[in-house]
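# Structural features, examined
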Amino acid sequence: MSLELFHAILFYAFAAAAVAAALVMVSQRNPTYSAFALIVTLVSLAGVFGLLGSTFIAVLQIVVYAGAIMVLFLFVLMLLNVRAEDRPPGGGRVFMLVAIALGAVLAGEVGSVLVAARTPLARPFDASARAVAHLLFEAQYLYVFEATSILILASLVGAIALAKRDPGP
Amino acid sequence: MSLSPLQQELAISVVKVLVLFNALLGLFSGMTYVERRVLAFMQFRLGPNRTGPFGILQPIADGIKLFFKEELTPAGANKFLFVAAPALAVVTAFLAIAVVPYGGSVTLPRWGWMPDWLEGRRIVLQISDLDVGVLFLFAISSLGVYGIVMAGWAANNKYTLIGGLRSSAQMFSYELALGLSFVSLIMVAGSFRIHDIVDSQAGSILHWNALRQFPAFAVFLVAATAEVNRTPFDLPEAETELVAGFHTEYSSMRFALLQMAEYINMITASALAANLFLGGWHFGIPGVPDSPLWFIGKMLAFLFFFIWLRGTVPRFRYDQLMHFGWKVLVPVAMAWIFVAAGLVLWRQS
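The sections below set out a description of the structure shown in this document. (Residues numbered from 1 in each chain as written. Chains lettered and ligands numbered in written order. Predicted model: local features only at pLDDT ≥ 70, side-chain atom pairs only at ≥ 80, totals over all residues.)

## Notes on the overall build of chain B
Of the regular secondary structure elements, chain B holds twelve helices and two strands. Order of helices (α) and strands (β) in chain B, N terminus to C terminus: α-α-α-β-β-α-α-α-α-α-α-α-α-α. Expressed as lengths along the three principal axes of its C-alpha atoms, the size of chain B is roughly 60 × 55 × 40 Å. Contacts in chain B between residues far apart in sequence, at least 24 positions, make up 77% of those at least 6 positions apart. (Helix = DSSP H or I, 4+ residues; strand = E, 2+ residues; numbered from the N terminus. Contact = placed C-beta atoms within 7 Å.)

Here's what the structure looks like:
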């Protein structure tokens, strides 16, 4: 078995897992299930990144999204003990038609992009820790990168200020 | 027998995985015995001493017992997640140790009876020498928490749910400090590879990160103890208030799997501590040759340390735990990163 075949098998396995888990995520009415399915999607995507030869991005994907953000989601879901949603009572026909129409538009858009794309969509790229660091801290992106971190810090401080109780008399 | 280079690599990897897997299982069952014995001695008891000489067959007896126990699933439990949780916990525990090196490399001797491609071949004593090894370990350990959270949630029991919640909050808080404690090591070694970090401590005992970067070592030890849910951070399974925490409803082999995951995580943490802070397979005195034995000795010392800790300190209260994690450990780790970065810059100029 050649390395290419091995990679192809792994790619389709990860891709299938990602798509299947994404479908489970949107079709589930139990939010905890959806959260677990999203974790499977994120980890499968990390696998695809790894196959493209960038272990750094793959690992970051898991650390940041699957490891950190989804833990918080699950924590809140469990703390509030969210139950499965009930089906909305009646009157779903119009919504269903609108949903089908919008879905058709989206499918058309994605299809047109895929048809128009001449080159293969993803090629192995250099995204080692060194390459990513050079890009992020180059003059071109440094400002955007630092501005984003300040934005996140500001939202953090804002959240704390909002959550803080009024000091008692 | 002629194999293509890819097949040769694959064959070597499979052998390495099998050896490491079985060694870990052996170490796990040994640890359960040693832990009970040592704890017993620390508390003026005898511990298990009936099965075989000095009771050393106790792990085998326990294993057989767990095999034949009835497997119970609570009536209100979520069947799929209840079964999936122990599996996830064990898989992440074993995955993490794949990037931990347990020695430099060995060159096979030329005995003459082995296949040509094996004679005199250099073999790296590590399953996967990833260039982002430290980050990979970190990523997998952050996935490990889902096994516990799933187990706690799926059993549909208030004690397991509280155990799972506590665990996710605790691991999330201490993961941050754990990650920050790695940063200064990565800066000094200039690499994410665990191999490079170990080699940056070669030479003498004075180069060990445990001495050169003591604040990072202290933060790592505390955060790692919390990550593997050991005393004094074993709130997720505090038996006096939560029955047995997240694994209350588990029985038979599923319980054994959860238990195994916990011990394997502890072994990974010890192996990591030996590699990142105590110079791994370097002995620490110039002139003594490198050997995997030194690494194994250091790892066992850390495993003993975890047991010792359990026999010595009482459990934290939950608010103390959160306070300590966020207001002491994280600031200390952050401050040390700045100091270490300054030192690295100063040395370069």
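## Observations concerning the overall build of chain A
A tally of regular secondary structure across chain A gives six helices and zero strands. For chain A, the sequential pattern of α-helices and β-strands runs α-α-α-α-α-α. Out of the 169 residues in chain A, the part that is buried amounts to 17%. (Buried ≥ 20, exposed ≤ 12 C-beta atoms within 10 Å, placed from the backbone.)

## Describing the nonpolar core
Ranked by internal contacts, the top residues of the largest apolar core, which has 113 residues, are Val59(A), Ala223(B) and Ala273(B). For this core, the element with the highest residue contribution is helix 4 (residues 133–154) of chain B, accounting for 16 residues. When neighbours within four sequence positions are excluded, Ala223(B) is seen to be in contact with Tyr174(B), Ala177(B), Leu178(B), Ser181(B) and Leu329(B). (Core = buried A, V, L, I, M, F, W, Y, C linked by C-beta atoms within 7 Å.)

## Focus: the interface of chain A and chain B
Counting residues at the interface gives 18 residues for chain A, matched by 21 residues for chain B. For the side of chain A that touches chain B, the secondary-structure elements that each account for two or more residues are helix 2 (31–51) and helix 3 (55–79) of chain A. Among the elements that make up the side of chain A that touches chain B, the one with the highest residue count is helix 3 of chain A (13 residues). For the side of chain A that touches chain B, a count of residues per class yields 14 nonpolar, four polar and no charged. (Nonpolar A, V, L, I, M, F, W, Y, C, P; charged D, E, K, R; others polar.)

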